[in-house]
Amino acid sequence: MTSRKASYGLNEDEQEMINVVREFAEQHVAPRAAEIDQSGQFPWDLKEQMAELDFLALPFPSAYGGIGASDLLVVMAVEELARRCASTSLVLGAQTLAGTPIVLFGNEQQKHYYLPRLAKGEWLAAYALTEPEAGSDAGSMRTTAVKKGDVYVLNGSKHFITNGGLAQVTVVFARTDPQAGTRGITAFLVEKDAPGFSVGKVEHKMGIRGSQTTELVFTDCEVPADAILGREGDGFKIAMATLDRTRPCVAAQALGIAQGAFEYALEYLKTRTQFGKPIADQQGIQFMVAEMATELEAARLLVYRAAMLIDRSQDEPDLRFSQESAMAKMYASETAVRVVDRALQFLGGYGYMTEYPLERMYRDVRITPIYEGTNQIQRLVIAREALR
Ligand SMILES: Cc1cc2nc3c(=O)[nH]c(=O)nc-3n(C[C@H](O)[C@H](O)[C@H](O)COP(=O)(O)OP(=O)(O)OC[C@H]3O[C@@H](n4cnc5c(N)ncnc54)[C@H](O)[C@@H]3O)c2cc1C
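Quick caveat, the model's predicted, so the values are computed rather than measured. (Residues numbered from 1 in each chain as written. Predicted model: local features only at pLDDT ≥ 70, side-chain atom pairs only at ≥ 80, totals over all residues. Heavy atoms only, no water.)

Visitor: I'd like a rundown of the overall build of the protein chain, residues and numbers included.
Guide: Assigned secondary structure in the protein chain consists of 12 helices and 10 strands. Over its C-alpha trace the protein chain gives a radius of gyration of 21 Å, about what one expects of a compact globule, namely 21 Å for 388 residues. With respect to the principal axes defined by its C-alpha atoms, the protein chain has extents near 80 × 45 × 45 Å. Taking contacts inside the protein chain between residues at least 6 apart in sequence as the whole, the part at least 24 apart equals 74%. Of the accessible surface of the protein chain, which amounts to about 16700 Å², a share of 52% is contributed by carbon and sulfur atoms. When the 40 basic and 50 acidic side-chain charges of the protein chain are each reduced to a single mean position, those positions are 5 Å apart. (Helix = DSSP H or I, 4+ residues; strand = E, 2+ residues; numbered from the N terminus. Rg over C-alpha atoms; globule rule 2.2 N^0.38 Å. Contact = heavy atoms within 4.5 Å. Areas by Shrake-Rupley, 256 points an atom, 1.4 Å probe, with all protein chains shown as cover. Lys, Arg positive; Asp, Glu negative; His and termini not counted. Charge placed at Lys NZ, Arg CZ, Asp CG, Glu CD.)

Visitor: Go over the nonpolar core with me, naming the residues and quoting the values.
Guide: In terms of nonpolar packing, the biggest core is built from 91 residues, with Leu154, Val190, Val223 and Val303 touching the most fellow members. Per element, the largest residue contribution to this core is 13 residues, and it comes from helix H8 (residues 235-271). Within the second largest apolar cluster, 27 residues are counted, among which are Ala57, Ala98, Tyr114 and Leu189. (Core = buried A, V, L, I, M, F, W, Y, C linked by side-chain atoms within 4.5 Å. Buried < 20%, exposed > 50% of the residue type's maximum accessible area, 1.4 Å probe, protein only.)

Visitor: Outline the packing of helix H2 (residues 12-29) against helix H4 (residues 44-52), listing residues and values.
Guide: Orientation of H2 relative to H4, taken along the N-to-C sense of each, is 155°, at an axis distance of 12 Å. As judged from the angle between their axes, H2 and H4 are roughly antiparallel. For the pair H2 and H4, the crossing hand works out as right-handed. Mapping the contact onto sequence places Phe24, His28 and Val29 in H2 and Leu46, Gln49 and Met50 in H4. (Axes fitted to C-alpha atoms, helices over the stretch in contact; angles between N-to-C directions. Parallel < 35°, antiparallel > 145°, perpendicular 65-115°, else oblique. Left-handed = near helix turned anticlockwise from the far one by under 90°.)

Visitor: Give me the lowdown on unusual backbone geometry, citing residues and values where you can.
Guide: Even without a glycine there, the phi angle at aspartate 54 is positive, about 70°. Considering the arrangement of structural elements, one finds aspartate 54 in the loop between H4 and helix H5 (71-84). The backbone phi angle of isoleucine 208 is positive, close to 30°, even though this residue is not glycine.

Visitor: Account for the pattern of salt bridges, with residues named and values stated.
Guide: In total, this model carries 25 salt bridges according to the counting rule given. A salt bridge links arginine 32 to glutamate 35; its shortest N-O distance comes to 2.7 Å. A cluster of three or more residues bridged by salt bridges with shared partners is formed by Arg22, Glu26, Glu80, Arg83, Arg84 and Glu263. (Salt bridge = Lys/Arg side-chain N within 4 Å of Asp/Glu carboxyl O.)

Visitor: Describe the site of the ligand, naming the residues involved and giving the relevant values.
Guide: By nearness alone, 19 residues border the ligand, and Tyr127, Thr130, Ser136, Thr374 and Gln376 come closest of all. Interatomic distance of 2.7 Å between a side-chain N/O atom of glutamine 376 and an oxygen atom of the ligand. Taken by itself the ligand offers 980 Å² of open surface, and the protein chains cover 65% of this. Among the elements of the structure, strand E1 (125-128), strand E3 (151-162) and helix H12 (375-386) are those that each provide at least two residues to the shell around the ligand. Here the shell around the ligand takes three residues from E3, the largest share from any one element. Taken together, the residues of the shell around the ligand break down into 10 nonpolar, seven polar and two charged. (Near = heavy atom within 4 Å. Polar contact = N/O pair within 3.5 Å; in protein donor to acceptor, adjacent residues only side chain to side chain. Nonpolar A, V, L, I, M, F, W, Y, C, P; charged D, E, K, R; others polar.)

Visitor: Outline the environment of tyrosine 362, listing residues and values.
Guide: By the secondary structure assignment, tyrosine 362 is in helix H11 (residues 358-365). Counting along the chain gives 290 residues from tyrosine 362 to leucine 72, while the straight-line C-alpha distance between them is 26 Å. Those residues in contact with tyrosine 362 that lie beyond four places of it in its chain are Val340, Asp341 and Leu344.

Visitor: Any chance you could break down helix H9 (residues 283-312) for me, citing the residues and the numbers?
Guide: Spanning 30 residues, H9 covers 43 Å between terminal C-alpha atoms, matching the ideal 44 Å at 1.5 Å per step. Looking only at H9, the buried set comprises Ile285, Val289, Met292, Leu296, Ala299, Arg300, Val303, Tyr304, Ala306, Ala307, Leu309 and Ile310. (Expected span 1.5 Å × (residues − 1).)

Visitor: Which residues make up a negative patch on the surface, and what are the values?
Guide: Taken together, the side chains of Glu12, Asp13, Glu16 and Glu23 define an acidic patch exposed on the protein surface. Summarising the element assignment, glutamate 12 is placed in helix H2. On the basis of relative accessible area, glutamate 12 is assigned to the exposed category, the value being 73%. (Patch = residues over 30% accessible without salt bridge, like charges linked within 9 Å, V, L, I, M, F, W, Y side chains within 5 Å.)

Visitor: Tell me about the side chain of serine 211, residues and numbers included.
Guide: Locating serine 211 in the fold gives a position in the loop between strand E6 (197-202) and strand E7 (213-224). Not counting chain neighbours up to four residues away, the residues in contact with serine 211 comprise Ser87, Leu90, Thr162 and Lys205.

Honestly, it's all geometry; don't read function into it.
Below, the structure written as structure tokens:
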């Protein structure tokens, strides 16, 4: 698969970076994946190594301490990591999700302060949009921010926040004008030690257990007025512009998990003998293998195409990519769930046992049709663009 990536237009340096990511995933991530899942602990050591190898610098511009990689390279890196451990891929995925609004909408001071810390991996970041009563309908959020002198006072809560309690900076969306609907929402950069900011419930999850997901609570939480990202009222636009650009990362995570499951199952099919021959020799199995290989490749094309459009949009600001981004997320995650399910089936009873990685992959992949907008919401985005 590594060599095939060259055909997607990576230059030599980019190909080299992907090879480094793949080697790291093979040597350092793969041996840890089962233990990360069982312990439910964030993989701090792998995060450090990823920072040293500059993986966390990939999504950030070189002017702010990053290495300014293309979106295509970022999604390929996420895919390679997810092939071995979904939780570890989310270290890069979450940093990209929360860093993107700062890259897009931060002022120079904010970018110079936050981005180098994120790029070096000294700080983790979080993106806090979802609330207990406002999930798919994020625009109905209830968390408020009221200006008092030179501070804003935040009250409310967010939940299901990746890196909650770990992130030194969180992009928090709150309502500054209760009458203005989605135009009354503002994005704030809230640091971990802001007075009145605390971490609530830590979730126990089905999969991606090495990624911490928590509630965040704001009780008269004060942030300086200059902690606003963009302008007052821009928050919803910022939230959506971010998700348009980061959904291909979720798609790549799904693709990577499924690719890992598929490869594992193929080896199994070749070595497991029943009815006097390897089960890979059964045509009924081969038809499934053919479909899985084709669907994975179709998903890969959608994911890479969305990433390439996002890259092109830097020079062509009018280029639209919401639909392609949503298609990639919807199709890749649904394909991945199906492929992992079949790969598990290939292992028969062994697939169900925790000694084998398939059951972990099966649990891990199930998040991908849910977060960063459920696949029902992706369908709304795709249909809206189609009907324009
Ligand atoms: C592990 C994990 C990590 C997460 N990390 C983050 C994070 O870092 N930051 C963050 O802000 N959020 C995060 N989320 C939240 C995630 O984005 C939301 O869970 C998701 O957007 C869905 O919201 P909900 O759970 O409230 O479901 P709901 O919105 O209540 O939806 C329930 C069901 O109804 C369907 N539905 C809703 N509206 C419609 C409609 N109009 N048409 C058709 N079907 C509809 C949905 O598709 C879904 O199937 C995370 C979630 C999880 C589980």
